[in-house]
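Per-entry structural report
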Amino acid sequence: MAASSNSSLSGSSVSSDAEEYQPPIWKSYLYQLQQEAPRPKRIICPREVENRPKYYGREFHGIISREQADEILAGVEGAYILRESQRQPGCYTLALRFGNQTLNYRLFYDGKHFVGEKRFESIHDLVTDGLITLYIETKASEYISKMTTNPIYEHIGYATLLREKVSRRLSRTKNESRKASVTSEENTPVEKITSLVRRAALTQNDNHFNYEKAHNFKVHTFRGPHWCEYCANFMWGLIAQGVRCSDCGLNVHKQCSKYVPNDCQPDLKRIKRVYCCDLTTLVKAHNTQRPMVVDSCIREIEARGLKSEGLYRVSGFTEHIEDVKMAFDRDGDKADISANIYPDINIIAGALKLYFRDLPIPVITYDTYSKFIEAAKISNPDERLEAIHEVLMLLPAAHYETLRYLMIHLKKVTLHEKENFMNAENLGIVFGPTLMRPPEDSTLATLNDMRYQKLIVQILIENEDVLF
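The structure contained in this document is the topic of the report that follows. Just so it is clear, the structure is predicted and the values come from calculations on it, not from any experiment. Residue numbers run consecutively from 1 along every chain, following the written order of its sequence. Residue-level local features of this predicted model are given only where pLDDT is at least 70; pairs of side-chain atoms are given and counted only at 80 or more, and the full residue set underlies all totals for whole chains, interfaces and linings. The basis for every side-chain value is the complete set of heavy atoms in the structure, and neither hydrogens nor water enter the calculation.

**Examining the side chain of Thr 368**
Put simply, DSSP H or I for four residues or longer makes a helix, DSSP E for two residues or longer makes a strand, and each gets a number counted from the N terminus. Along the chain, the position of Thr 368 falls in helix H11 (residues 366–376). Burial classes: relative accessible area under 20% of the type maximum marks a residue as buried, over 50% as exposed, and values in between as partly exposed (1.4 Å probe, protein chains only). On the accessibility criterion, Thr 368 (3% relative accessible area) is buried. Polar contacts here mean pairs of N or O atoms no more than 3.5 Å apart (in protein, one a potential hydrogen donor and the other a potential acceptor; neighbouring residues in sequence count only if both atoms are side-chain atoms). Within the structure, the side chain of Thr 368 is placed 3.1 Å from the side chain of Thr 365, a separation counted as a polar contact. Any two residues having at least one pair of non-hydrogen atoms within 4.5 Å are treated as being in contact. Each residue touching Thr 368, except ones within four places of it in the same chain, is listed here: Val 391, Leu 394 and Leu 395.

This is the structure in structure tokens:
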């Protein structure tokens, strides 16, 4: 009845022969317990209760004591009533029979019913979920505490990589040049691939830029039975049974999410837009070294705009910049920003600056902001440069690479200063507040730090060959 063994997936390496592929073993113990949990039994009040709240049904018994509630529920496992508190009129209690005792919970309503974090459409659903949780935690508390000690996360990742290879081989066209292959081509159609396939497949991809990225977990309600893709155990309950990564779709228990490595591989289908998307999420979803907006705009600017007077300082028309933004959001790296569509290079420059301003976490991250400001305040030039270099090393890899590439570009801009009138100091004024923002939304802090923001970018441009 306890957890099934994962021996088929661990120890020896998985063969590349699809015939020998073994699916992951999902552990059914907690699912069986959920099926065994007591069912809710509503005890209806035999009389009509005055002043009954409109959002409660006939399970509401009015103002009665705990002792009276215990008598009403005695001997009926899973039975429940609602009552108004004698000591605190206007406060309501769920009285629930479980484990041969009556449990009392303070009950709340704000459009949905709740006694804890979970919110339910009906009292019946709340009680159903509560009985499942109480039963499983009573019967399997020790088992639950040890769920994370023998995860199948890595094993299923490897196994699903094989399944991805099979799928790719079956669907490959003659013109594709993928390196992955399997020994047998005579395989049956591949079953539905779990959300871990993308992580496993991209980890092995030679072209993948392996930036570390934490999963973006959010509480999720799963329809139908679901198993945790970290520990392989059933995700119990009626609603909010676990969490799902909104970037890659990984489904795990809330307690298991703390142990999942920072190896999120975002799925393009889940990325709704390019602008306003987390930088690391975007580059991993597109499997690129830098955000393709940055590459595309810089490529266009360097091709036809380096000598443009006031480059990055002169604004393009706002509505045209918005058009470029929408093109990237809609078409991704296929967005057409050529001179045929946007002859004014300031529009492309404006779109690039807008991309950086719209980032939820700036290129120079909130975590490193104060360290950069402190480094900029150092009076000795050599010590200041060393301090800035040390802080650069703290940036997330994708942020570092994007900043490095941008500084190389801006250095090229300064080489044409005679034509464009943009030196490192001018570019620092433009890009300082664009690339770095204080963690607190404070106008005073922003004003006080502006000269240091400018100085940081100026130093990064002038010393890009040394700092990067």
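**What about the packing of aromatic side chains?**
For this analysis, a ring pair means two rings from Phe, Tyr or Trp (six-membered ring only for Trp) whose centres lie within 6.5 Å, classed as stacked if their planes differ by under 30 degrees, edge-to-face if by over 60, and tilted for the remaining angles. Counting across every chain of the model gives 16 aromatic pairs. A centroid spacing of 5.8 Å and a plane angle of 65 degrees characterise the contact between Phe 60 and Tyr 92, whose relative ring orientation is edge-to-face. With Phe 60 in strand E2 (residues 60–63) and Tyr 92 in strand E4 (residues 92–98), this pair connects stretches of sequence that are 32 residues apart. The pair Phe 60 / Tyr 92 is uniform in exposure class, with both members buried. Each ring, one from Phe 108 and one from Phe 114, has its centre 5.5 Å from the other, and the planes form 20 degrees; the classification is stacked. Feature note: the residues Tyr 55, Tyr 56, Phe 60, Tyr 92 and Tyr 109 constitute an aromatic cluster, connected by ring pairs. Put simply, a charge is over a ring when the Lys NZ or the Arg CZ is close to the ring centre, within 6 Å, and near the line of the ring normal, within 35 degrees. Of note, Arg 119 hangs over the ring of Phe 114, and the distance from its end group to the ring centre comes to 3.8 Å.

**Focus on helix H12 (residues 381–392)**
In this analysis, the expected span of each helix is defined as 1.5 Å times one less than the number of residues it contains. End to end, H12 covers 16 Å across 12 residues, agreeing with the expected 16 Å (1.5 Å per residue, within 8%). Taken together, the buried positions of H12 are occupied by Arg 384, Ala 387, Ile 388, Val 391 and Leu 392. Angular distribution of buried residues about the axis of H12 spans 140 degrees; they occupy a single face of the element. On its buried face, H12 sits against H11, helix H13 (397–414), helix H16 (443–462) and helix H17 (464–467). Measuring from the backbone nitrogen of Asp 382 back to the side-chain oxygen at the start of H12 gives 3.0 Å, which picks out Asn 380 as the cap. By arc we mean the arc of the directions from the helix axis to the C-beta atoms, nothing more.

**Focus: the environment of Glu 84**
By the element assignment, Glu 84 lies in strand E3 (residues 79–84). What makes Glu 84 buried here is its relative accessible area of 14%. Taking the C-alpha atoms as reference points, Glu 84 and His 61, 23 residues apart in sequence, are found 7.6 Å from one another. Not counting residues within four places of it along the chain, the set of residues in contact with Glu 84 comprises Phe 60, Gly 62, Ile 63, Ile 64, Pro 89, Gly 90, Cys 91 and Tyr 92.

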